[in-house]
Amino acid sequence: MSLTLETNLEDPDAIYEKLIAMLESHEPEKALRASARLVLLLINHIGDRKVIDEAIERAALLTEA
Amino acid sequence: MNVETGKAAWRETIPVWRAFEPSPKPETEFEQARVVIVGTGPVGLAMAIDLGQRGHEVIVLGRFDFVPAGSKAICFSKRSLDILDRLGCGEQAVEKGVSWNIGKVFWKDRSDPVYKFDLLPVKNQKMPGFINIQQYHMEDILLDRLKQLPNVQIRWGHEVTALDTSEESAIMSVDCADGAYRIETEWLIACDGNKSSVRDLMGLDFEGRIFEDNFLIADVKMKEDRPSERWFWFDPPFNPGQSVLLHKQPDDVWRIDFQLGWNIDREACIKPENVNPLVRAMLGDDVEFEEEWYSVYTFQCRRMQHFWHGRVIFAGDSAHLVSPFGARGCNGGFADIDNLGWKLDLVLEGKAPFDILESYDSEAIVTADENILNSTRSTDFLTPKSDISRAFRDAVLDLAEDHPFARALVNSGRLSTAISYPDSSLSTADADVWSGGIAPGSPALDAPLDNGWLLEKLGGRFVLLTTTPFADLPSGLDVLDIAQEPANGLLRERYDLQGGGAYLIRPDQYVAARFRQPTGAAIADALARAMGEQA
């Protein structure tokens, strides 16, 4: 399996809203930790090493643009 | 040397556990030797036992004339105990040491651990997962064993001051209390530690990372009824924002490692008036304790590019350094000498080409790299180097209590286990299908037999472990016929031998090859490869 790049979400706006609301409910430095928890939960759920590696590499590439 | 007192400066700064008479200068000014080991630490002494019990004349040079006290290695792994048992002193170490298998990780002021591990997941083995024992006790045990080997000569207070190497030999100048002399040796094994003078004299160095965090080791004496387990705290109330590690040692001595952070006054932080309150806060007001030894350290995760340099071979801390979290320092050194001993024995006996030492270099580097990798990862988890790294570390700990997956990410040190060499040039790849068992390049797993243990019977030579006896074996290969062992069920299970077959096991108890349908020719071929003959 490879990383899904096409949309895979039924209601993207609602999910995005919930994500931001969760992060904004924390103080800025706590928000970093909350987003770390979220990343870890999702990474474990995905589990597939190849997909995770690809996502990490893709995220790294984009920050350089 | 201080000319006036005749005493070296280190006598003033290094605490002495056991002092010896300085050994006299040998009668010849220019001595000839086959093997000289430099270093009287645990790695040098274990190397001397290994070669000594194989019958070689060995000279061991130690620049100290004492066994040092102070806070040094304490945790010895199952694999090290298996090696020590082969060297004839494993039982003494277990008897003196504190055996433990369980590690617990705590966070903040929570009384329940967020993570727990068992270092001996496969039970029914002779040796425990780990023992804790002060390095000076370990050295005493090794020295006791050496008393039975008159062919090993230890020279206390003999320091190598110059070294000249050629293709045929290494010639060293040695200083001792009664003057200087020279030794020409076929082989020089440098087990002289982190600050190896042999490495310096050869102009060689380490490559890798140095960490700047500081740790205080408080070895304290107290009567406490805690269990024999490794306890680790992240951010406990008694050392806020930092970590703490607790280990039990023999003689009611406990080791406490306090992480201190980056900018500290190294002299001030080991003064009792500064250490005692830290210990007191941790133990509570009602526990009596006294100082055994307080010291502070930083650490490095580095190694030499190669450990084999012609007539000079490096083993232990002289070749590689790791952080102490994971107990991979001295255990890594024992792995080195275990790997080197039988190979150098074959070379000394003219039974293997020099090139077999290339496999020491590559296998010991596999071990060192795995130790450095694990130790570097632990260090980055223990002492995050950035805000984002700390946020993720704390996120792991946030999740660990209620989310089993996160416990696997908690890294308080991955403790030393035996390391496999999957790509070893000495191994013969599997030609048959195996479900489990022990793959070539991996260490033999112990199993109980009716009378003793498998690893005891493997000893320190090539052995064919087989379910059926058969003729036309290579000469000199010892056979362990499983059918002659009544209680062999666990052995057959652990080696996937219920259907029959054979394992060729190296003198360091690593699997060299295995066969479902062994033939004399296939075994002879695998044995030749394991002895360094190139195909």
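Residues numbered from 1 in each chain as written. Chains lettered and ligands numbered in written order. Predicted model: local features only at pLDDT ≥ 70, side-chain atom pairs only at ≥ 80, totals over all residues. Heavy atoms only, no water.

## Side note on the overall build of chain B
Each helix and strand counted, chain B has 14 helices and 27 strands in total. Taking 2.2 N^0.38 as the reference for a compact globule, 535 residues should give roughly 24 Å; the C-alpha atoms of chain B span a radius of gyration of 24 Å, in line with that estimate. Principal-axis analysis of the C-alpha atoms places the extent of chain B at approximately 70 × 65 × 40 Å. The 535 residues of chain B split such that 58% are buried. Considering only residue pairs separated by 6 or more positions, chain B has 73% of its internal contacts joining residues 24 or more positions apart. When the accessible surface of chain B is totalled, it reaches about 21900 Å², and 48% of it is carbon and sulfur. Treating the 54 positive side-chain charges of chain B as one cloud and the 82 negative ones as another, the clouds have centres 3 Å apart. (Helix = DSSP H or I, 4+ residues; strand = E, 2+ residues; numbered from the N terminus. Rg over C-alpha atoms; globule rule 2.2 N^0.38 Å. Buried < 20%, exposed > 50% of the residue type's maximum accessible area, 1.4 Å probe, protein only. Contact = heavy atoms within 4.5 Å. Areas by Shrake-Rupley, 256 points an atom, 1.4 Å probe, with all protein chains shown as cover. Lys, Arg positive; Asp, Glu negative; His and termini not counted. Charge placed at Lys NZ, Arg CZ, Asp CG, Glu CD.)

## A look at the packing of aromatic side chains
Residues and elements named next belong to chain B. Counted by the stated rule, this structure contains 23 aromatic pairs over all chains. Seen in terms of ring centroids, Phe64 and Phe66 are 4.8 Å apart; in terms of plane orientation they differ by 15 degrees. Their pairing is stacked. Take Phe64: its relative accessible area is 15%, and that puts it in the buried class. Ring pairs connect the aromatic residues Phe215, Phe232, Phe234, Tyr297, Phe299, Phe325 and Phe381, which therefore count as one cluster. The side chain of Arg199 reaches across the aromatic face of Phe206, ending 4.0 Å from its centre. Lying over the aromatic face of Trp187, Arg311 brings its terminal NZ or CZ to 4.5 Å of the ring centre. (Phe/Tyr/Trp six-rings, centres within 6.5 Å; stacked < 30°, edge-to-face > 60°. Lys NZ or Arg CZ within 6 Å of the ring centre and 35° of its normal.)

## Considering the side chain of Thr379 of chain B
All names here are of chain B. If you trace the backbone, Thr379 turns up in helix α9 (residues 356–382). Reaching out from Thr379, the side chain makes a polar contact with the side chain of Ser323 at a distance of 3.4 Å. Within polar-contact distance, the side chain of Thr379 engages the backbone oxygen of Ser375 at 2.7 Å. With residues near it in sequence (within four places) discarded, Thr379 still touches Phe211, Phe299, Ser323 and Lys385. (Polar contact = N/O pair within 3.5 Å; in protein donor to acceptor, adjacent residues only side chain to side chain.)

## Some thoughts on the interface of chain A and chain B
Each partner contributes residues to the interface: chain A has eight residues there, and chain B has 13 residues. Of the roughly 940 Å² buried at the junction of chain A and chain B (both faces included), carbon and sulfur atoms supply 80%. Per-residue buried area on chain A facing chain B is highest for Leu32, Arg33 and Leu40 of chain A; these three make up 55% of the total on that side. Here chain A and chain B share three salt bridges between them. Two residues, Arg33 of chain A and Asp398 of chain B, come together in a salt bridge whose shortest N-O distance is 2.9 Å. In this assembly, chain A and chain B are joined by two residue pairs in polar contact (both at pLDDT 80 or more). (Buried area = accessible area lost by both parts, 1.4 Å probe. Salt bridge = Lys/Arg side-chain N within 4 Å of Asp/Glu carboxyl O.)

## Comments concerning the packing of helix α2 (residues 42–53) of chain B against helix α8 (residues 330–348) of chain B
The packing of two helices is summarised by the inter-axis angle and the distance between the axes. Residue and element names in this part refer to chain B. At a closest axis distance of 9 Å, the pairing of α2 and α8 adopts a crossing angle of 25 degrees. Taken together, the axes of α2 and α8 are roughly parallel relative to one another. In this structure, the crossing between α2 and α8 has a hand that is right-handed. Along its contact with α2, which presents Pro42, Val43, Ala46, Met47, Asp50 and Leu51, the element α8 presents Cys330, Gly333, Phe334, Ile337, Asp338, Leu340, Gly341, Trp342, Leu344 and Asp345. (Axes fitted to C-alpha atoms, helices over the stretch in contact; angles between N-to-C directions. Parallel < 35°, antiparallel > 145°, perpendicular 65-115°, else oblique. Left-handed = near helix turned anticlockwise from the far one by under 90°.)

## Side note on helix α7 (residues 272–283) of chain B
Residues and elements named next belong to chain B. The first and last C-alpha atoms of α7 sit 16 Å apart over 12 residues, in line with the 16 Å expected at 1.5 Å per residue. What α7 keeps buried is the set Val275, Val279, Met282 and Leu283. Buried residues of α7, seen end-on, are gathered within an arc of 85 degrees and therefore sit on one face of the element. Summarising the contacts, the buried residues of α7 are in contact with β14 (206–221), β15 (230–234), β16 (243–248), β17 (253–261) and β18 (290–304). Just downstream of α7, Gly284 is the residue with a positive phi angle, here 95 degrees. (Expected span 1.5 Å × (residues − 1). Arc of directions from axis to C-beta.)

## Some details on the pairing of strand β11 (residues 159–165) of chain B
Residue and element names in this part refer to chain B. Where β11 meets strand β12 (residues 170–176), six bridges bridge the pair, whose relative direction is antiparallel. From the neighbouring strand, Val160 faces β12, where its bridge partner is Val174. Turn length for the β11-β12 hairpin, with the two strands adjacent in sequence and antiparallel, is four residues. (Pairing = 2+ DSSP bridges.)

## Details of the domain arrangement of chain B
All names here are of chain B. When the domains of chain B are assigned, the result is domain 1 (10–98 + 121–205 + 301–361) and domain 2 (448–530). Across the contact, 18 residues belong to domain 1 and 15 residues belong to domain 2. Of the roughly 1200 Å² buried between domain 1 and domain 2, counting both surfaces, carbon and sulfur atoms make up 54%. Interface area lost by domain 1 to domain 2 is led by Asn124, Lys126 and Trp342, which between them contribute 44%. Where domain 1 packs against domain 2, one counts one salt bridge. Glu456 is the salt-bridge partner of Lys126, the closest N and O atoms lying 2.6 Å from each other. Taken together, the elements giving at least two residues each to the side of domain 1 that touches domain 2 come down to α3 (78–86) and α8. Of the residues in the side of domain 1 that touches domain 2, the class split is four nonpolar, three polar and 11 charged. (Domains from an automatic or database assignment. Nonpolar A, V, L, I, M, F, W, Y, C, P; charged D, E, K, R; others polar.)

## Re the packing of α8 of chain B against α9 of chain B
All names here are of chain B. Axis separation between α8 and α9 bottoms out at 10 Å; the angle between their running directions is 175 degrees. Taken together, the axes of α8 and α9 lie roughly antiparallel to each other. Along the contact surface, α8 presents Gly332, Ala335, Asp336, Asn339, Leu340, Trp342, Lys343, Leu344, Leu346 and Val347, while α9 presents Ile356, Leu357, Ser359, Tyr360, Glu363, Ala364, Thr367 and Asn371. Residue composition of the contact of α8 with α9, grouped by class: 10 nonpolar, five polar and three charged.

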